[in-house]
Amino acid sequence: AKTILKAITIQVGRTGALTPVAELEPILVAGSTVSRATLHNEEEIQRKDIRVGDTVVIEKAGEVIPAVVEVVMGKRPKKARAFVLPKTCPECGSQAAKDEADVVWRCPNPDCAAQVRGRLEHFCARGAMDIEGGGEVLVRQLVANGLALNVGELYKLSVAEVANLDRMAEKSAQNFIDGLEASKERDLWRFIFGLGILHVGSGVAKALCRRYKNMDELMDASEEEFVAIDDVGEVIARSVHHWFGDPENRRLIERLRKVGLNFESSIYQPAAAVGPLAGKTLVLTGTLPTLKRHEAAAKIEAAGGRVSGSVSRKTDYVLAGEEAGSKLAKAEKLNVTVIDEAELLRLCGE
């Protein structure tokens, strides 16, 4: 769809990244109204020559995330000027910095309120520690009121403190506190992912937790050991080693240890026992009879296998349930072996 780019604002992420965002004249795209879209970084804006006032083409990348595809040059206003990314953080005013190997400008202030909010929201997110109620509205109030400025302080909160915040009742406050308590049992890879270490997504977190059986082994590993792990390159290894080498981060880990978070990895694979699915790549699609998607993925990874999001000739198995869609069709086209839940359990030795 085509619409007008009314302004470009700067969003500060949990890693300090200054991300330009297109503020758009609202337009219907793929079934929902879009009023904002990511512009990724300064180089992307320059490459596409995107300017305020331009008519732009919008699409949903992967049918989910709105993005600006291109500018309709024939409709450019005469007064449109090239965008210059501000080199100061719009949240705390710190001077932004950029690594030579990076295209992203970042706020270097770890105490920047936007970064603090981002780290807390990321930690609470469903893909990380999955803490009910820990979304943007609550986190913004916790930070503004000085109740939680790092993830360790979340576990000191009381029901009364949360219930006293705007738009919070005792029941929702209790659900949040219960969610924090339940999160103490989450697997180590979710915790590592939730810490928000630069360049560490869920896949890297799982790779680390397949190699190290607990937090202590992971913290004490060398950069060279990290590089030797599949899915972990030099940049990621340096980032992980640097994060765990920071005394403040070490103190945070110890605070979380004391409140009872799980520091053991259930997907750890010692070299002598690689598991029945070692070296195998599986793709999940559809609804399974008894297992939830994340439970099936956990079984695969505990058996040494790898879960991928897309089917290719390198895929060993496609685990298909009810209402399996395009992934099943592609598997059949590529002659990839399709299995059901019962066969997965058999392959895992259950």
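Residues numbered from 1 in each chain as written. Predicted model: local features only at pLDDT ≥ 70, side-chain atom pairs only at ≥ 80, totals over all residues. Heavy atoms only, no water.

Draft legend 1. Structural view of the packing of helix α11 (residues 234-245) against helix α12 (residues 247-258). Running from N to C, α11 and α12 point in directions that differ by 75 degrees, and their axes come no closer than 5 Å. Regarding the angle of α11 to α12, the classification is roughly perpendicular. Listed contacts from α12 to Trp-243, Phe-244 and Gly-245 of α11 are Pro-247, Asn-249, Arg-250 and Ile-253. For the contact of α11 with α12, the class distribution of residues is four nonpolar, two polar and one charged. (Axes fitted to C-alpha atoms, helices over the stretch in contact; angles between N-to-C directions. Helix = DSSP H or I, 4+ residues; strand = E, 2+ residues; numbered from the N terminus. Parallel < 35°, antiparallel > 145°, perpendicular 65-115°, else oblique. Contact = heavy atoms within 4.5 Å. Nonpolar A, V, L, I, M, F, W, Y, C, P; charged D, E, K, R; others polar.)

Draft legend 2. How the structure looks around unusual backbone geometry. Non-glycine residue His-40 carries a positive phi angle of around 70 degrees. By the secondary structure assignment, His-40 is in the loop between β3 (32-38) and α1 (42-48).

Draft legend 3. The arrangement of the packing of aromatic side chains in detail. This model, assessed by the stated rule, comprises five aromatic pairs. Seen from their ring centres, Phe-123 and Phe-191 are 6.3 Å apart, and the 85 degrees between their planes marks the pair as edge-to-face. You can see Phe-123 sitting in helix α2 (residues 113-124) and its partner Phe-191 sitting in helix α7 (residues 188-194), a full 68 residues away along the chain. Neither residue differs from the other here; Phe-123 and Phe-191 are each classed as buried. On the numbers, 5.9 Å between centres and 85 degrees between planes, the contact of Tyr-212 with Phe-226 is edge-to-face. A residue pair is termed long-range when its members are at least 10 positions apart, and Tyr-212 in the loop between α8 (202-211) and α9 (215-219) and Phe-226 in helix α10 (residues 223-227) qualify at 14 residues. Of the two residues examined, Tyr-212 and Phe-226, each falls in the buried class. Here Lys-87 stacks its cationic end above the ring of Trp-105, 5.1 Å away from the centre of that ring. (Phe/Tyr/Trp six-rings, centres within 6.5 Å; stacked < 30°, edge-to-face > 60°. Buried < 20%, exposed > 50% of the residue type's maximum accessible area, 1.4 Å probe, protein only. Lys NZ or Arg CZ within 6 Å of the ring centre and 35° of its normal.)

Draft legend 4. Region of the structure containing the packing of α2 against helix α3 (residues 136-144). Closest axis-to-axis distance for the α2/α3 pair is 9 Å, and the angle between their directions is 135 degrees. As judged from the angle between their axes, α2 and α3 are oblique. In the packing of α2 onto α3, the handedness of the crossing is right-handed. Two secondary-structure elements touch here, α2 through Ala-113, Val-116, Arg-117, Leu-120 and Glu-121 and α3 through Glu-136, Val-139, Arg-140 and Val-143. (Left-handed = near helix turned anticlockwise from the far one by under 90°.)

Draft legend 5. Here's a closer look at the sheet that holds strand β9 (residues 337-339). The strand order across the open sheet built from four strands is β7-β6-β8-β9, with neighbouring strands paired in parallel fashion. Lying at the two open borders of the sheet, with one neighbouring strand each, are β7 (306-308) and β9. Adjacent strand axes in the sheet meet at a mean angle of 35 degrees when their direction is disregarded. The pairing of strand β6 (residues 281-285) with β7 spans three bridges and is classified as parallel. Looking at β7, one finds that Leu-282 is bridged to Val-307. Its contacts with the sheet place helix α13 (residues 293-302) against β6, β7 and β8 (317-320), and it is angled at close to 170 degrees to β6. (Pairing = 2+ DSSP bridges.)

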